[in-house]
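# Close look at the chain arrangement
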Amino acid sequence: LARYPGASFKELRLKTAGAFVWLLRHDSDWVHERLKRRLLRKSIAPSRTDWALRDRRAKDALVVAVSELDRKQDQRPLRRTVAYLFRCAQLGPSLAQNLDRMPVTSQYLRSVVDSDDSWKRRRILWAIDHLARSGRPILAWRVCQLAALR
């Protein structure tokens with residue numbers, strides 16, 4: 001470790017393969033303690049990602065996706081989950097995992113993602129509308145059947 005003072009864990013493993021592996025097997029706590037001190041001394045690089053810009057773009061893409069879903073009222077509704085909305089907006093799943101860094105998008109999602117009650121309500125309204133359009137009588141059992149309620 002003294003011979004390579006600025007080396008990372010991987011660099012040490014590559015430069016001193018046999019000795020480093022032996023040391024890890026026999027005294028891994030000591031190695032990790034020394035490397036931890038070394039890593040704490042290194043400065044943390046600033047984030048290269050402009051999260052405010054990603055936040056605005058993600059929210060705009062989600063607004064468009066939700067408006068597209070609202071236009072498809074003649075089709076059976078699908079539940080609006082975070083994952084489903086991100087797929088519809090063609091946003092990667094990594095953005096969904098970083099919602100804590102995107103407050104505007106998070107707030108918008110909370111307003112449009114279906115809770116259990118809002119999901120049931122949307123299905124019931126769709127079923128009533130579907131029966132009315134098709135000219136069939138609106139009966140409770142038929143609404144429950146179309147809305148897939150128990």
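Residues numbered from 1 in each chain as written. Predicted model: local features only at pLDDT ≥ 70, side-chain atom pairs only at ≥ 80, totals over all residues. Heavy atoms only, no water.

## Here we look at the environment of Val143
As a reminder, the rule being used: Only runs of H or I of at least four residues qualify as helices and only runs of E of at least two qualify as strands under DSSP, and these elements are numbered from the N terminus. A contact between two residues is defined here by any heavy atoms of the two lying within 4.5 Å.
Within the secondary structure, Val143 is located in helix α8 (residues 140-146). Here the alpha-carbon distance between Val143 and Ile124, two residues 19 residues apart in the chain, equals 6.5 Å. Once residues lying within four places of it in the same chain are set aside, the contact partners of Val143 are Ile124, Ala127, Ile128, Leu131 and Ile138.

## Brief notes about the environment of Arg136
Relative to the helices and strands, Arg136 resides in the loop between α7 (116-134) and α8. Setting aside its immediate chain neighbours within four residues, Arg136 contacts His130, Leu131 and Arg142.

## Points about the pattern of salt bridges
What counts is decided by this rule: Take a side-chain nitrogen of Lys or Arg and a carboxyl oxygen of Asp or Glu: if they are within 4 Å of each other, that pair is a salt bridge. Exposure is judged per residue with a 1.4 Å probe applied to protein chains only, and the accessible area is read against the type maximum: over 50% gives exposed, under 20% gives buried, and values in between give partly exposed.
Under the criterion given, the structure shown has 5 salt bridges. Ionic pairing is found between Asp116 and Arg79, a salt bridge with its closest N-O pair at 2.8 Å. With Asp116 in helix α7 and Arg79 in the loop between α3 (51-71) and α4 (82-88), the pair connects residues that are 37 residues apart, well separated along the chain. Asp116 sits in the partly exposed class, given a relative accessible area of 49%. A salt bridge links Arg133 to Asp129, with the nearest nitrogen and oxygen atoms 3.3 Å apart. Of the two residues, Arg133 and Asp129 both sit in helix α7, 4 residues apart, roughly one turn of that helix. Judged by its relative accessible area of 56%, Arg133 falls in the exposed class.

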